[in-house]
Amino acid sequence: MSERPTWDRYFFEIARVVASRSTCLRRRVGALLVLDKRILATGYNGAPAGLSHCADTGCLRERMNIPAGERHELCRGLHAEQNAIIQAAVHGVAIEGASLYCTHFPCVVCAKMLINAKIRQIFVAESYPDELSRELLHEAGVSLFFDRSPPDCG
């Protein structure tokens with residue numbers, strides 16, 4: 001019998017599976033909102049519902065040579081964290097006080113949304129180059145935890 005995963009490992013593995021639905025050509029990101037060991041909502045990065053995916057149209061950011069962590073508005077897609085918040089809202093699920101498990105560190109736009117959504121803890125598997133995001137999350141008192149295990153949890 002294989003070893004039973006911890007709750008954190010379990011949620012990280014699910015976030016990685018959620019990321020597999022991503023249609024982003026640059027980075028596949030998955031996010032879970034969790035409260036009391038219960039998954040409230042999930043999200044992955046990709047174009048809004050009903051619009052063509054970047055996998056079909058090509059990456060606007062690549063064509064414009066925009067580096068990671070800059071000019072977030074120049075993208076067809078929503079971020080995984082944004083989609084998780086939106087899914088909770090669409091389905092009437094309260095997320096105040098929840099934790100976020102995410103395959104990548106949130107950008108500053110997502111960080112501001114998570115702060116206002118009253119997310120209290122963020123568990124991150126991989127880094128992302130956005131120092132302002134870190135500063136705002138720290139100032140807001142959001143606890144950050146970084147996964148130190150190998151990414152091949154499948």
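Residues numbered from 1 in each chain as written. Predicted model: local features only at pLDDT ≥ 70, side-chain atom pairs only at ≥ 80, totals over all residues. Heavy atoms only, no water.

*Asks:* Is there a simple way to explain the pattern of salt bridges in this structure?
*Replies:* As a working rule, side chains carrying opposite charge can pair if their charged atoms are close by. Taken as a whole and assessed by the stated rule, the structure comprises four salt bridges. The salt bridge partner of D147 is R16, with a shortest N-O separation of 3.5 Å. Residue D147 is located in the segment after β5 (143-146), and its partner R16 is located in helix α1 (residues 7-19); the two are separated by 131 residues in the primary sequence. Residue D147 shares its accessibility class with R16, and that shared class is buried. One salt bridge in this structure joins E62 and R26, with 2.7 Å as the shortest N-O distance. Of this pair, E62 sits in helix α3 (residues 60-63) while R26 sits in the loop between α1 and β1 (30-35), placing them 36 residues apart in sequence. Residue classification places E62 among the partly exposed residues on the basis of a relative accessible area of 43%. Taking the relative accessible area as the measure of exposure, R26 reaches 30% and is therefore partly exposed. Through salt bridges with shared partners, a single ionic network connects R9, R16 and D147. (Salt bridge = Lys/Arg side-chain N within 4 Å of Asp/Glu carboxyl O. Helix = DSSP H or I, 4+ residues; strand = E, 2+ residues; numbered from the N terminus. Buried < 20%, exposed > 50% of the residue type's maximum accessible area, 1.4 Å probe, protein only.)

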